[in-house]
Amino acid sequence: MSSRILPEFELLLPESIAEAVALLGKYGDEAAVMAGGTDLLVGMKSGVSIPYVLGISEIPGLRYVDYDASSGLRIGAGATLNQVLASADVKEKYPALWKSTYENGTAQTRNMGTVVGNILRASPAGDCCCAVLALGGSIVLEGPEGRREVDIDDFWVDYRMTARKPDELAVELK
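The structure presented is a predicted model; accordingly, all values stated were derived computationally and were not measured.

Definitions and limits used
- Residues numbered from 1 in each chain as written.
- Predicted model: local features only at pLDDT ≥ 70, side-chain atom pairs only at ≥ 80, totals over all residues.
- Heavy atoms only, no water.
- Phe/Tyr/Trp six-rings, centres within 6.5 Å; stacked < 30°, edge-to-face > 60°.
- Helix = DSSP H or I, 4+ residues; strand = E, 2+ residues; numbered from the N terminus.
- Buried < 20%, exposed > 50% of the residue type's maximum accessible area, 1.4 Å probe, protein only.
- Lys NZ or Arg CZ within 6 Å of the ring centre and 35° of its normal.
- Pairing = 2+ DSSP bridges.
- Axes fitted to C-alpha atoms, helices over the stretch in contact; angles between N-to-C directions.
- Contact = heavy atoms within 4.5 Å.
- Core = buried A, V, L, I, M, F, W, Y, C linked by side-chain atoms within 4.5 Å.

(A) Spatial organisation of the packing of aromatic side chains. Summed over the entire model, instances satisfying the criterion amount to three aromatic pairs. Look at Trp98 and Tyr102: their rings are 5.6 Å apart centre to centre, the planes differ by 10 degrees, and that puts the pair in the stacked class. Taken as a pair, Trp98 and Tyr102 lie in helix α5 (residues 95-102) at a separation of four residues, close to a single helical turn. Under the relative-accessibility criterion, Trp98 is labelled buried at 17%. One Lys or Arg, Lys91, reaches over the ring of Trp98 and ends 4.7 Å from the middle of that ring. Against the face of Tyr102 rests Arg110, its NZ or CZ located 5.9 Å from the ring centre.

(B) Highlighting the sheet that holds strand β1 (residues 10-12). Sheet architecture is open: three strands sit in the order β1-β3-β2, paired in parallel fashion. This sheet does not close on itself; its edge strands, each paired only once, are β1 and β2 (31-34). Averaged over all neighbouring strand pairs, the angle between strand axes comes to 25 degrees, with direction disregarded. Across the sheet, helix α2 (residues 38-45) is in contact with β2 and β3 (52-55); its angle to β2 comes to roughly 135 degrees.

(C) A look at the nonpolar core. Ranked by internal contacts, the top residues of the largest apolar core, which has 41 residues, are Ile75, Leu97, Val115 and Leu169. Considering every element that reaches this core, the biggest residue donor is helix α1 (residues 17-27), with six residues. Apart from the residues lying within four places of it in its own chain, the contact partners of Leu97 are Leu73, Ile75, Val90, Val115, Cys128, Ala131, Val132 and Leu135. Ala32, Leu40, Met44 and Ile50 belong to the second-largest nonpolar core, a separate cluster that totals six residues.

In structure tokens, the structure reads:
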């Protein structure tokens, strides 16, 4: 049953990737990462209880959509679906991804929701997941051991389960 009232939680707002990784190391599975929050908040309103929510909105440098002919497309973890829609390069060179962001929810959802967040939900209902799977790519994770890339074919391990470790932050889709 959905309600308009969220369960109690502590909001953590790190100001750097290193601080976010440290907080994830401290709280592990008790923390949920929130970029746009479009899925997370719905789940919490439906009764999912999470003691800590780690918002990435204060971390600089995560809201980008960049294309380079030699290295391809890079989407930061904080880039909204509307940022992807606004990219002429995505529309021209990655039309399946562009269309999946266009079809994703409402205009309000696209203003908040992120492609990386959509992928991290690991749901077959994720609008961007099929396009990313067809196009290929990898998720870049930052953890206490440094950065690692996980090929999208290896990233989803089960329904709503990914290869991201509890102390890692997804920083980019490339």
